[in-house]
Protein chains: 2
Amino acid sequence: MPTLKDVARASGVSVMTVSNVVNGRPRVSEATRRRVLEAVDELGYQVNLTARSLRAGRSGTIALSIPRVDHPYFAELAAAVTDALLPSGQHLVVEQTGASREGELSALSQARLQMYDGVLLSVVGLRDSEVARLHSDMPLVLLGEKPMPTQRDHVMLGNFEGARLATAYLIERDARHVAIVGGVADDAPAGMEGTRTAGWRAAHEEAGLVPDERLILPPDHFAMAESRATIGAAIDAGLEIDGVFAVTDQVAIGVVAGLHDRGLRVPDDVQVVGFDDLEVSEHLVPGLTTVDPRVDLVVAEALRLLERRMSGDEGAAEHLVMPVRLVVRGTTR
Amino acid sequence: MPTLKDVARASGVSVMTVSNVVNGRPRVSEATRRRVLEAVDELGYQVNLTARSLRAGRSGTIALSIPRVDHPYFAELAAAVTDALLPSGQHLVVEQTGASREGELSALSQARLQMYDGVLLSVVGLRDSEVARLHSDMPLVLLGEKPMPTQRDHVMLGNFEGARLATAYLIERDARHVAIVGGVADDAPAGMEGTRTAGWRAAHEEAGLVPDERLILPPDHFAMAESRATIGAAIDAGLEIDGVFAVTDQVAIGVVAGLHDRGLRVPDDVQVVGFDDLEVSEHLVPGLTTVDPRVDLVVAEALRLLERRMSGDEGAAEHLVMPVRLVVRGTTR
DNA sequence: CTGAAAGCGCTAACAG
DNA sequence: CTGTTAGCGCTTTCAG
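Residues numbered from 1 in each chain as written. Chains lettered and ligands numbered in written order. Predicted model: local features only at pLDDT ≥ 70, side-chain atom pairs only at ≥ 80, totals over all residues. Heavy atoms only, no water.

An unreviewed UniProt entry lists chain A under the name LacI family transcriptional regulator, from Cellulomonas dongxiuzhuiae.

So this is what it looks like as structure tokens:
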């Protein structure tokens, strides 16, 4: 690959002048500019972004770090970030952590993150202390799921509120045996599932009902196939269920399929509510009643905070919980 | 951020020794190694990957460039690449081009790509000449859709074969008015839609039928909502349709919803076949009959070719078309 | 308007 | 086993 030096030699000027031309800086005579550009063209010169980053201390790119792109929720999050970032001219890359602590630790090694001017980080398995250890003047905003009492900006979905809304709606629609698929026991470590399970509990209590702990069906990687099997097994075991709050839309899709496998009709026999409002959820037959997590709001706030940090603000960390809303479709009566 | 120099000073050795320790090179006495590691810990030293890349000429990361992560097919492609790459210890980042030519051009600027040791590129809008212009000794493998007569390695899905299989199956199951949603006219520029439309035509001809050009319903960004509207409008216009080959599963999901909107039953009144075999397609009710594009094979081949290039092979470019298979589920009789 | 020098942080090559 | 030198390609600073 040709370098500035090569172009300089070819056009008979110094590297500095070439740099000035290439970067569109003023104070270059029209004649030399043309000569330089010719050489650039001729040699096919392209800046070396690595060298520029090293020198400049900035890379012009920001990273979004998510567990996996094939979890539709994260894919939609990534798309929302991409769209929101488009006007700013910043370049975005997506890093996948693999949903495991090890993966997160490696994708999040300080060294890696240092290559970016800013990072949006959707944490799943990391401990608070691990996040805290990240170099503190790296602009970084946490996204999503679990409460983290860190000194970093953090934008969360309304997990509790959404779960509460979803469950309350099922109860309002006369479901009296509302299972939560993807729920966790009371003493599980806090996380997305835990918070949503708490919302499920709260809705019961507000309605004067006692949540049936046997109806907490554990998560299985939040995948469709596993959820389908889980609800099937619950039915087979003779559990009486007339409503399901699925902790994600992916789970909900599996649940609907599993109910259908057992000859149960949705919503006539069992009503189902999901969480995420994926694109596909609107176009299922019947359409999935679900919680819209307002990813657009989450992303807008996160980028606002990130830009603030990137421009050097050292103020106190903000912890935001964004509002959600229930979207009623055909899987509820 | 502390640098090697800082660590060297703190531990009273030269930067080179610190470098040797940090990189686990042999020939360092146990005593100095310990002293250095202490200083590393104390100062919180982390290598600067930018500097290392500049020096080494390699970054240790490869890029997958796709139009958007929220197109489920590409998300699944990205996941497959991630999984396949995991054992190799290479780091992967996902670049989104935005499905527009401009986006691709910018994400694919030579400068950007140079930062990676290798690139898997899923081209959509680029012209052959633009791809050809990329610096030729950059290890790069093209993935996917349209035939490109370039000098680069290229792994394609069996677009034609899949469309032919899907359409033939509909005809075999007694559909006689098989629409293609997402199809394009004969003279459209070659691309995924064009190739799949050709497969739809071929299946008709092989069955001794004449494809009805009015049943080519144009693509609308391959989104669910648009496809739903498109099929609805076609029904409203009085077109007789008893089978639909949807060019992607996303389109198929929209089509199923649109048919349902009009009171048509799937598969009783209209049979539907998709293309992609997304995770969700298996768990729809009824399950979607679709073409499995064997992304696993595509990815395995692509990485094989990429590794070959990355290890310096200058041999002739390979152009592969991978086999596909039909997955029969509930949307066909 | 143009250029020379210095150095971003790292490592390969060679000396000691 | 440890240190010195040089330089990856670029841009900031300062001098012409």
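Alright, that's what it looks like, and here's the rest.
Q: Sorry if this is basic, but what is going on with the packing of aromatic side chains here?
A: Two descriptors summarise a pair of aromatic rings, namely the distance from one centre to the other and the angle between the planes of the rings. All names here are of chain A. Inspection of the entire model under this criterion finds two aromatic pairs over all chains. Aromatic side chains Y73 and F74 sit 5.3 Å apart centroid to centroid with 65° between the ring planes, which places their arrangement in the edge-to-face category. The pair formed by Y73 and F74 is uniform in burial state, with each residue classed as buried. One residue, R196, lies across the ring of F275, its end atom 3.6 Å from the ring centre. (Phe/Tyr/Trp six-rings, centres within 6.5 Å; stacked < 30°, edge-to-face > 60°. Buried < 20%, exposed > 50% of the residue type's maximum accessible area, 1.4 Å probe, protein only. Lys NZ or Arg CZ within 6 Å of the ring centre and 35° of its normal.)

Q: Mind showing me how you'd approach the environment of H221(A) here?
A: Its location among the elements puts H221(A) in the loop between β7 (216-217) and α11 (224-236). With 11 residues separating them along the chain, H221(A) and V210(A) place their C-alpha atoms 27 Å apart. (Helix = DSSP H or I, 4+ residues; strand = E, 2+ residues; numbered from the N terminus.)

Q: Can you walk me through the protein's contact with DNA strand C in this structure?
A: Contacts to DNA strand C come from 22 residues, most closely from T17(A), R55(A), L4(B), Y45(B) and R55(B). Atoms of DNA strand C within 4 Å of the protein: sugar and phosphate make up 69%, bases the balance. Within the side chain of T17(A), a nitrogen or oxygen atom sits 2.7 Å from a phosphate oxygen of DNA strand C. Within the contact set of DNA strand C, a phosphate oxygen lies 3.1 Å away from a backbone nitrogen or oxygen of N48(B). Broken down by secondary-structure element, the contributors of at least two residues to the surface near DNA strand C are α2 (15-22) and α4 (49-56) of chain A together with α2 (15-22) and α4 (49-56) of chain B. The leading source of residues in the surface near DNA strand C is α4(B), at three residues. Taken together, the residues of the surface near DNA strand C sort by class into nine nonpolar, eight polar and five charged. (Near = heavy atom within 4 Å. Polar contact = N/O pair within 3.5 Å; in protein donor to acceptor, adjacent residues only side chain to side chain. Nonpolar A, V, L, I, M, F, W, Y, C, P; charged D, E, K, R; others polar.)

Q: Could you clarify how one ought to interpret the protein's contact with DNA strand D in this entry?
A: Taken together, the neighbourhood of DNA strand D is formed by 22 residues, with L4(A), M16(A), Y45(A), R55(A) and R55(B) sitting nearest. Put simply, 67% of the atoms of DNA strand D that lie within 4 Å of the protein are in sugar or phosphate. The backbone of L4(A) places a nitrogen or oxygen atom 2.6 Å from a phosphate oxygen of DNA strand D. T32(B) is positioned such that a nitrogen or oxygen atom in its side chain is 2.8 Å from a phosphate oxygen of DNA strand D. For the surface near DNA strand D, the secondary structure elements donating two or more residues are α2 and α4 of chain A together with α2 and α4 of chain B.

Q: Just to check I follow, could you spell out helix α11 (residues 224-236) of chain B for this structure?
A: The α-helix advances 3.6 residues per turn, and as a result positions three or four apart in sequence lie on the same side. Helix length check: α11(B) (13 residues) gives 18 Å between terminal C-alpha atoms against 18 Å at 1.5 Å per residue, within 8%. Every buried residue of α11(B) is accounted for by M224(B), S227(B), R228(B), T230(B), I231(B), G232(B), A234(B) and I235(B). If you follow the buried residues of α11(B), they end up packed against α13 (279-283) of chain A together with β6 (178-181), β7 (216-217), β8 (243-246) and α12 (249-261) of chain B. Immediately beyond the C-terminal end of α11(B), within one or two residues, lies G238(B), with a positive phi of roughly 85°. (Expected span 1.5 Å × (residues − 1). Contact = heavy atoms within 4.5 Å.)

Q: Mind showing me how you'd approach the interface of chain B and chain A here?
A: You'll often see interface size given as the accessible area lost when the parts meet. Taken together, the contact between chain B and chain A spans 48 residues of the former and 48 residues of the latter. A buried area of about 4200 Å², summed over both sides, lies between chain B and chain A, and 64% of it is on carbon and sulfur atoms. Counting the surface chain B buries against chain A, the share from its top three residues, T50(B), H283(B) and V285(B), is 14%. In this structure, the connection of chain B to chain A is made through two salt bridges. A salt bridge links R68(A) to D83(B); the shortest N-O distance between them is 3.2 Å. Inspection of the chain B/chain A interface yields 15 residue pairs in polar contact (both at pLDDT 80 or more). Of all elements in the fold, only α4, α5 (72-85), β2 (91-96), α7 (110-113), α11, α12 and α13 (279-283) of chain B reach the threshold of two or more residues within the side of chain B that touches chain A. Taken together, the residues of the side of chain B that touches chain A break down into 24 nonpolar, 15 polar and nine charged. Inspection of the sheet shows strand β2 (residues 91-96) of chain A paired to β2(B) by three bridges, in the antiparallel sense. The residue bridging V93(A) from the neighbouring strand is E95(B), located in β2(B). (Buried area = accessible area lost by both parts, 1.4 Å probe. Salt bridge = Lys/Arg side-chain N within 4 Å of Asp/Glu carboxyl O. Pairing = 2+ DSSP bridges.)

Q: Sorry if this is basic, but what is going on with empty space enclosed by the protein here?
A: A water-sized probe, rolled over the atoms, reveals where empty space remains. A full pass over the atoms with the stated rule returns three cavities of 30 Å³ or more. Size it by volume and the largest cavity reaches roughly 180 Å³. Taken together, 16 residues line the largest cavity, and the ones lying closest to its centre are L284(A), V285(A), H283(B), L284(B) and V285(B). Where the lining of the largest cavity is concerned, the elements lending two or more residues are α12 (249-261) of chain A together with α12 of chain B. (1 Å grid on protein atoms, 1.4 Å probe; cavity = no way out; pocket = protein on both sides within 12 Å on 5 of 7 lines; lining within 4 Å. Points joined across faces, edges and corners; volume = space filled by probe spheres on them.)

Q: In this structure, what is going on with the relation of the copies chain B and chain A? I would like to understand it.
A: The relation between the two copies of this chain is a rotation about an axis and a shift parallel to it. After a rotation of 180° and a shift along the axis of 0.1 Å, chain B superposes on chain A with an RMSD of 0.1 Å. The operation mapping one copy onto its partner corresponds to a two-fold rotation axis. Judged by C-alpha distance, V94(B) is the residue of chain B that lies nearest the rotation axis, at 2.5 Å. A share of 100% of the interface residues of chain B reappears at the interface of chain A, consistent with the copies meeting face to face through the same patch. (Least-squares fit on C-alpha atoms with pLDDT ≥ 70 in both.)

Q: What's the story with the sheet that holds strand β6 (residues 178-181) of chain A in this structure? I'm lost.
A: Two modes of strand pairing occur in sheets, parallel and antiparallel, and in both the strands are linked by backbone hydrogen bonds. Residue and element names in this part refer to chain A. An order of β7-β6-β8-β9-β10-β12 is seen for the six strands of this open sheet, with the pairing classed as mixed. The sheet terminates laterally at β7 and β12 (325-327), the two strands that pair on one side only. Direction of pairing for strand β10 (residues 289-292) relative to β12: antiparallel, over a ladder of three bridges. Looking at the pairing, D292 lines up with R325 of β12. Packed onto the sheet, α12 meets β6, β8 (243-246), β9 (271-275) and β10 and runs at close to 160° relative to β9. (Axes fitted to C-alpha atoms, helices over the stretch in contact; angles between N-to-C directions.)

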